[in-house]
Amino acid sequence: MSPQAAAAVFTPRSVAALAEVCDLAPLPVLDDLTTVRARKVLADTEVLVTGWGCPRLDADVLAAAPRLKAVVHAAGSVRGHVSDACWERGVEVSSAAAANALPVAEYTLAMILLHGKNVLERARDFRRTRERDNWLLTTQEVGNYRRTVGLLSASLIGRRVIELLRPFDFEVLLHDPYISEAEAAELGVEWVELSDLFARSDLLSVHTPLLPATRGLVSRELLGSMRSGATLINTSRGAVVDQAALTDVVRAGLIGAVLDVTDPEVLPATHPLWDCPNALITPHLAGSQGNEWERLADTAVGEVARWAAGDGFAHPVRRERLAFLA
């Protein structure tokens, strides 16, 4: 991983915990697997603990690591560095995606609750007027009682959001083509067609991974079918949503948007969404940050301990599941 990622994720406590369950190669971390030192370390390595900035583990790297049996990724997606050569070699792979899903789900819940009550808009008006509005004149469109929340995908994050929503008085809808109506019912939600999800939701949260089949999935037609005043929340990937279409409906005041991701990842400074009062744009902060990185490290240490004990990974990544994973 990159030295910056290592310093952020692995505290001295985490490094010490890792050293207790394996023979840890001397630091600093490897961020270039072609150097003389890297090749010397790889020659004896059985498990690689990886993170953001890890070089691609291709056939050349694997040739230099004849004893490598497992990769434990202290972050989410492994697509960037685990190559076909790893799967063909039979290298076992684990990811901390489940740990990284938790803060994203928490962000989503917070935004659902805040936007259901129009907190951000009303706080902005309060700052401007310095006068409290007449709360008895609040419209029925404000509030979180019996609002309809739609979730696009029962991913790790989507499932965690479902759990977090249970204590509240929401009607929760789900669309996921790989989930049956019965499975959705077991989760405590209603499975609906994609068109119904957009047409019925007051707040709609996107949790589908960006794959060839999901690029532009949230189309102009679907956005145009949303209820007036509804809010779209996207913590997935910007390209899952038709950015131009979203811009048009938000600028027209038809819906609001909470965007932790956009396409491109940072919108140009002159992009009209920056000036839309009904758009909240955050800098891709929903995932693990600050002390939440320690959860990623703890997950990785736990996976190495399980693997060393012969218990197998708690969070394995299977090659056959890659078509459905971010």
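As recorded in an unreviewed UniProt entry, the protein goes by the name Hydroxyacid dehydrogenase, listed as coming from Streptomyces aureus. You can read under Sequence similarities (unreviewed entry) in the UniProt record for the protein the words "Belongs to the D-isomer specific 2-hydroxyacid dehydrogenase family."

**Overview of the overall build of the protein**
When helices and strands are counted, the protein shows 13 helices and ten strands. Expressed as lengths along the three principal axes of its C-alpha atoms, the size of the protein is roughly 70 × 45 × 35 Å. By residue count, 44% of the 326 residues in the protein fall in the buried class. Intrachain contacts of the protein at a sequence separation of at least 6 include 62% that bridge at least 24 residues. For the protein, the accessible area works out to roughly 16,700 Å², and carbon and sulfur atoms hold 54% of it. A distance of 3 Å separates the average location of the 32 positive side-chain charges in the protein from that of its 41 negative side-chain charges.

**Some details on the pattern of salt bridges**
Within the structure shown, the criterion is met by 15 salt bridges. For the salt bridge of glutamate 294 with arginine 13, the shortest nitrogen-to-oxygen distance reads 2.7 Å. Here glutamate 294 is found in helix α13 (residues 293-308), whereas its partner arginine 13 is found in helix α2 (residues 12-21), with 281 residues between them in sequence. Between arginine 319 and aspartate 84 there is a salt bridge, with its nearest N and O atoms 3.8 Å apart. One end of the pair, arginine 319, is in the segment after α13; the other, aspartate 84, is in helix α5 (residues 84-89), with 235 residues separating them in the sequence. Residue classification places aspartate 84 among the partly exposed positions, given a relative accessible area of 46%. The network of salt bridges with common partners includes Arg13, Glu294 and Asp298.

**Examining the UniProt feature "domain: D-isomer specific 2-hydroxyacid dehydrogenase NAD-binding" (unreviewed entry) in the protein**
According to UniProt, the positions carrying the feature "domain: D-isomer specific 2-hydroxyacid dehydrogenase NAD-binding" (unreviewed entry) are residues 111-286. Along residues 111-286, the helical share is 31% and the strand share 15%, with 11 Å between the first and last C-alpha atoms.

**Brief notes about the pairing of strand β3 (residues 92-95)**
Two faces belong to every sheet, and in a regular strand the side chains alternate between them. Two strands pair when backbone bridges link them, and strand β2 (residues 70-73) and β3 are joined in this way by four bridges, in the parallel orientation. Looking at β3, one finds that valine 71 is bridged to valine 93. As for the winding sense of the linkage, the β-α-β connection from β2 through α5 to β3 is right-handed.

**Focus on the packing of aromatic side chains**
Scanning the model with the defined rule gives one aromatic pair in all. With 6.1 Å between their ring centres and 45° between their planes, phenylalanine 168 and phenylalanine 170 make a pair best called tilted. On the basis of relative accessible area, phenylalanine 170 is assigned to the buried category, the value being 12%.

**Notes on the sheet that holds strand β7 (residues 203-206)**
Ordered in space as β6-β5-β4-β7-β8-β9-β10, the seven strands form an open sheet in which the pairing is parallel. The open sheet has two edge strands, β6 (190-191) and β10 (279-281), and neither has a second partner. Judged from the four bridges that link them, strand β4 (residues 148-152) and β7 form a sheet pairing that is parallel. Counterpart to glycine 150 in the pairing with β7 is leucine 204.

**Topic: the environment of alanine 199**
On the secondary structure map, alanine 199 appears in helix α10 (residues 194-200). Measuring from C-alpha to C-alpha, the distance between alanine 199 and proline 212 comes to 24 Å, with 13 residues separating the pair along the chain. Setting aside residues up to four positions removed in sequence, alanine 199 forms contacts with Ser225 and Arg227.

**Quick notes on the side chain of serine 83**
Within the secondary structure, serine 83 is located in the loop between β2 and α5. In this structure serine 83 comes out as buried when scored by relative accessible area, which is 6%. For serine 83, the side chain forms a polar contact with the main-chain oxygen of leucine 57, separated by 2.5 Å. Apart from residues no more than four positions distant in its own chain, serine 83 is found in contact with Arg56, Leu57 and Asp58.

**Here's the deal with the layout of surface pockets**
Reported here for the second largest pocket is a volume of approximately 940 Å³. Put simply, the parts of the chain that give the lining of the second largest pocket at least two residues each are α1 (3-9), α2, α3 (36-44), β1 (47-50) and α13. Residue classes in the lining of the second largest pocket are distributed as 27 nonpolar, two polar and five charged.

**Here's the deal with helix α8 (residues 156-165)**
For α8, every residue scored as buried is listed here: Ile157, Gly158, Val161, Ile162, Leu164 and Leu165. All buried residues of α8 project into a common sector of 165° when viewed along the axis, lining one side. The inward-facing, buried residues of α8 contact α6 (97-116), β4, β5 (171-175) and α9 (181-187).

**Topic: unusual backbone geometry**
In this structure, the amide linkage connecting leucine 27 to the following residue, proline 28, adopts the cis form with an omega of 10°. Its location among the elements puts proline 28 in the loop between α2 and α3. Here aspartate 263 and proline 264 are connected by a cis peptide whose omega angle stands at 5°. Among the secondary structure elements, proline 264 is positioned in the loop between β9 (256-259) and β10. With a phi close to 100°, serine 153 is a non-glycine residue in the positive phi region. In this fold, serine 153 is placed in the loop between β4 and α8.

Reading the values: rules and limits
What you see as residue numbers is a count from 1 along each chain, following the sequence as written. Predicted model: local features are reported for residues with pLDDT of at least 70 only, side-chain atom pairs are reported and counted for 80 or more only, and whole-chain, interface and lining totals are derived from all residues. As a rule here, side-chain values come from all non-hydrogen atoms in the structure, and water together with hydrogens is ignored. UniProt positions are given in the numbering used here, feature names are shortened, and annotations may be inferred rather than shown by experiment. Secondary structure follows DSSP: runs of H or I at least 4 residues long count as helices, runs of E at least 2 residues long count as strands, and numbering of each begins at the N terminus. We call a residue buried when its accessible area falls under 20% of the maximum for its residue type, exposed when it is over 50%, and partly exposed in between, using a 1.4 Å probe and counting protein chains only. Only heavy atoms enter the contact rule, under which two residues are in contact if any of them lie within 4.5 Å. Under the convention used here, a 1.4 Å probe and the Shrake-Rupley method define accessible areas, while residue burial counts only the protein chains that appear. Neither His nor the chain termini are counted; the positive set is Lys and Arg, and the negative set is Asp and Glu. Charged groups are reduced to one reference atom each: NZ for lysine, CZ for arginine, CG for aspartic acid, CD for glutamic acid. Put simply, a salt bridge is a Lys or Arg side-chain nitrogen that is within 4 Å of an Asp or Glu carboxyl oxygen. Whether two strands pair depends on DSSP finding at least two bridges between them. With the strands pointing away from the viewer, any crossover whose connection runs clockwise from the first strand over the helix to the second is right-handed. When the centres of two rings from Phe, Tyr and Trp lie within 6.5 Å, Trp using its six-membered ring, the rings pair. Their planes under 30 degrees apart give stacked, over 60 give edge-to-face, and anything left gives tilted. What qualifies as a polar contact is a pair of N or O atoms within 3.5 Å, subject to a donor-acceptor requirement within protein and to the restriction that residues adjacent in sequence count only when both atoms come from side chains. Only protein atoms enter the 1 Å grid used here. Points where a 1.4 Å probe fits but cannot escape make up a cavity, open sets with protein on both sides within 12 Å along at least five of seven lines make up a pocket, and a residue lines them when an atom lies within 4 Å of a point. Grid points are joined across faces, edges and corners, and a volume is the space filled by probe spheres set on the points. The nonpolar class holds Ala, Val, Leu, Ile, Met, Phe, Trp, Tyr, Cys and Pro. Asp, Glu, Lys and Arg form the charged class, and all remaining residues, Gly among them, are polar. Read the arc as the range of directions from the helix axis to the C-beta atoms.

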